[in-house]
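Residue-level structural notes
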Amino acid sequence: MPAISHLKSFQNRFIGLQLPAFVRTTATEHKHFLTLDNINPNVTRMKDPVRGSLVARAAQLEKEFKNGVKKPFKEIINLDISDCQAMGQPPMTFIRQVISIVFYPPLLDDPRFPDDAKQRARTILKACRGGSIGSYTDEIGIEIIRKHAAKFIEKRDGIPCNWEDITLCG
């Protein structure tokens, strides 16, 4: 299914939803924003390779290799599914550590976790009602995480980003 159809499907669910004027103007006036008018048309025609014929053929060839079938090549390199860890990239440890601590706070006392991960987890837990990630949050996301996201966007893109304009959803 073309990627753009997912976007159109999302947009169709919110027909009649009016964006604030500052969002409409900022998005259309700023050169860093992508719109359907300025995005590369190849992106809108893109297909999902995870379920495509290329991936199916690669899986078939891998099975043949395991069964001893000889091929004129020695290996298959799966570059089309964006599974970095399957390609040998180590996981992003810091993020996993913080998430683990936030979901199970007794890990704050575990010496196997570094102090920076513990401090980030404390900051997040302090921002949660009742000090628990399991408590209800604002429907637009936990404020401290929205603030961190805004700082990241400012640093990455070099443009101002107001944390109050950030919405996080799962």
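Residues numbered from 1 in each chain as written. Predicted model: local features only at pLDDT ≥ 70, side-chain atom pairs only at ≥ 80, totals over all residues. Heavy atoms only, no water.

Filter applied, for reference: UniProt positions are given in the numbering used here, feature names are shortened, and annotations may be inferred rather than shown by experiment.
For the protein chain, an unreviewed UniProt entry supplies the name alanine transaminase and the organism Ignelater luminosus. Check the Subunit (unreviewed entry) section of the UniProt entry for the protein chain; it says "Homodimer." According to the UniProt record, the Catalytic activity (unreviewed entry) comment for the protein chain is "L-alanine + 2-oxoglutarate = pyruvate + L-glutamate".

1. Observations concerning the pattern of salt bridges
Quick reminder of the rule: Note on definitions: salt bridges are taken to be side-chain nitrogens of Lys or Arg within 4 Å of carboxyl oxygens of Asp or Glu. Any residue under 20% of the maximum accessible area for its type is buried, any over 50% is exposed, and the rest in between are partly exposed; the area is computed with a 1.4 Å probe on protein chains only.
On inspection of all chains with the given rule, the structure shows 5 salt bridges. As a salt-bridge pair, D138 and R129 come within 2.8 Å of each other at their nearest N and O atoms. Taking the relative accessible area as the measure of exposure, D138 reaches 33% and is therefore partly exposed. On the basis of relative accessible area, R129 is assigned to the partly exposed category, the value being 49%.

2. Section: a nonpolar patch on the surface
Spelled out, the test is: A patch consists of residues exposed above 30% relative accessible area that lack any salt bridge, with like charges linked at up to 9 Å and nonpolar side chains (Val, Leu, Ile, Met, Phe, Trp, Tyr) linked at up to 5 Å. Throughout, the Shrake-Rupley method with a 1.4 Å probe supplies accessible areas, and for residues the shown protein chains are the sole cover considered. Secondary structure elements are taken from DSSP: a helix is a run of H or I of four residues or more, a strand is a run of E of two residues or more, and numbering for both begins at the N terminus.
Among the surface-exposed residues, M92, I95, I99, F103 and Y104 lie close enough to one another that they form a single nonpolar patch of about 570 Å² accessible area. Within the element layout of this structure, I99 appears in helix α5 (residues 93-103).

3. Focus: the confidence of the model for the protein chain
Filter applied, for reference: Within a predicted model, pLDDT stands for the predictor's per-residue confidence, ranging from 0 to 100.
Summarising the model, the protein chain shows a mean pLDDT of 80, and 76% of its residues fall at 70 or more. When pLDDT is averaged over each helix and strand of the protein chain, the minimum, 46, is found for helix α1 (residues 3-13) and the maximum, 96, for helix α6 (residues 115-127).

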